[in-house]
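# Observations on chain architecture
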Amino acid sequence: MAPEVVDVRILVTGGTGRLGSAVVARLRAAGEEVRVLSRRPGPDVVRGDLRTGRGVDTAVSGVDVVVHCATDYFGRETQLARTLIEAARWAGGPHLVYVSIVGVDRVPLGYYRAKHDTEHLFAASGLPYTIQRATQFHGLVRSLLSGASRLPVLPVPRISFQPVDVRDVARRLATHALDDPAGPAPDFGGPEILRAAELAQAVGEASGRRRRIVPLTVPGETFRAYAGGGHLAPGHREGEITFREYLAERVDHG
């Protein structure tokens with residue numbers, strides 16, 4: 001007699017964002033039943049707002065797993081998590097999967113501190129949880145290095161990055177959603193560690209704007225932490241899509 005197949009109902013917060021939508025696509029491609037919590041309308045979306053709590057109880061009701069991809073860059077990261085955790089308690093305690101950033105405990109950046117504080121909230125919630133730290137996304141690194149690409153000389157800090165593709169991170173998060181809670185999971189990083197100057201050169205080549213790149217040493221505690229590799233995961237290069245492959249796709253797709 002074949003074993004009983006149990007449907008896993010999964011909620012993805014921020015499921016219409018760049019990472020969240022990739023997680024949703026990955027899970028649905030695997031045949032999973034997925035619900036989306038977002039402030040924006042869309043297919044199978046429960047409209048809600050983790051900042052105010054509106055619609056959150058409805059979204060969490062009946063789910064077995066919540067993949068928390070919603071984030072806030074304006075100091076409300078822990079507020080979003082508290083709202084979600086409280087709703088999850090009332091909903092029976094689903095497995096909570098939270099995506100964080102490699103180095104939140106080593107780089108003294110305000111957003112990183114908020115992420116680190118939020119990790120502690122999930123760990124202390126009493127609910128089953130998994131925390132997945134990932135290195136910087138390709139899109140973020142590209143944005144950082146292309147902002148000044150129109151200048152005749154492009155200054156870049158003497159630091160390295162380990163950019164990772166959101167689709168690779170989504171693959172890992174989807175795996176966590178279908179596995180048992182892992183608590184703090186091993187870091188997840190991109191396939192390459194490259195100097196900012198190398199990444200800037202790749203961005204320039206992809207855009208057709210070649211500039212003279214000048215590496216600079218930047219003062220300050222935050223950049224010292226970056227220069228020391230506090231945001232890198234050299235022992236975890238599980239991402240598959242390289243930065244140049246990501247840039248080539250953008251050129252090919254216009």
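Our structure's up above, just so we're on the same page.
Calculation notes
Residues numbered from 1 in each chain as written. Predicted model: local features only at pLDDT ≥ 70, side-chain atom pairs only at ≥ 80, totals over all residues. Heavy atoms only, no water. Helix = DSSP H or I, 4+ residues; strand = E, 2+ residues; numbered from the N terminus. Buried < 20%, exposed > 50% of the residue type's maximum accessible area, 1.4 Å probe, protein only. Polar contact = N/O pair within 3.5 Å; in protein donor to acceptor, adjacent residues only side chain to side chain. Contact = heavy atoms within 4.5 Å. Axes fitted to C-alpha atoms, helices over the stretch in contact; angles between N-to-C directions. Parallel < 35°, antiparallel > 145°, perpendicular 65-115°, else oblique. Nonpolar A, V, L, I, M, F, W, Y, C, P; charged D, E, K, R; others polar. Salt bridge = Lys/Arg side-chain N within 4 Å of Asp/Glu carboxyl O.

On to the side chain of glutamine 132, then. Within the secondary structure, glutamine 132 is located in strand E6 (residues 129–134). By relative accessible area, glutamine 132 is classed as buried at 0%. Of the polar contacts made by the side chain of glutamine 132, one reaches the side chain of histidine 176; its length is 2.7 Å. Aside from chain neighbours lying at most four places away, what touches glutamine 132 is Tyr98, Val99, Ser100, Arg172, Leu173, His176, Ala185, Pro186, Asp187 and Phe188.

Now for the packing of helix H5 (residues 138–146) against helix H7 (residues 196–207). For the pair H5 and H7, interaxial distance at closest approach is 9 Å and the crossing angle is 85°. Comparing the axis directions of H5 and H7 gives the class roughly perpendicular. Packed against H5, whose contacting residues are Val141, Arg142, Leu145 and Ser146, the element H7 presents Ala196, Leu199, Ala200 and Val203 at the interface. The class makeup of the residues in the contact of H5 with H7 is six nonpolar, one polar and one charged.

Tracing the backbone through its elements, the reader meets alanine 197 in helix H7. When the C-alpha positions of alanine 197 and leucine 145 are compared, they lie 9.0 Å apart, and in sequence the two are 52 residues distant. Apart from residues lying up to four places away in sequence, alanine 197 is in contact with Val156, Ile213 and Pro215.

On to the pattern of salt bridges. Per the stated rule, a full pass over the model turns up 13 salt bridges. Residues aspartate 49 and arginine 51 are paired through a salt bridge, measuring 2.9 Å at the closest nitrogen-oxygen approach. Aspartate 49 sits in the buried class, given a relative accessible area of 8%. Here arginine 51 falls in the partly exposed class, since its relative accessible area comes to 31%. For the salt bridge of arginine 167 with glutamate 249, the shortest nitrogen-to-oxygen distance reads 2.8 Å. Taken as a pair, arginine 167 in helix H6 (residues 166–178) and glutamate 249 in helix H9 (residues 243–252) lie far apart in primary sequence, 82 residues in all. Overall, glutamate 249 belongs to the partly exposed group, its relative accessible area being 29%. Three or more residues are tied together by salt bridges with common partners; here these are Asp105, Arg106, Glu119 and Arg133.

As far as function goes, none of this settles anything; it's purely spatial.
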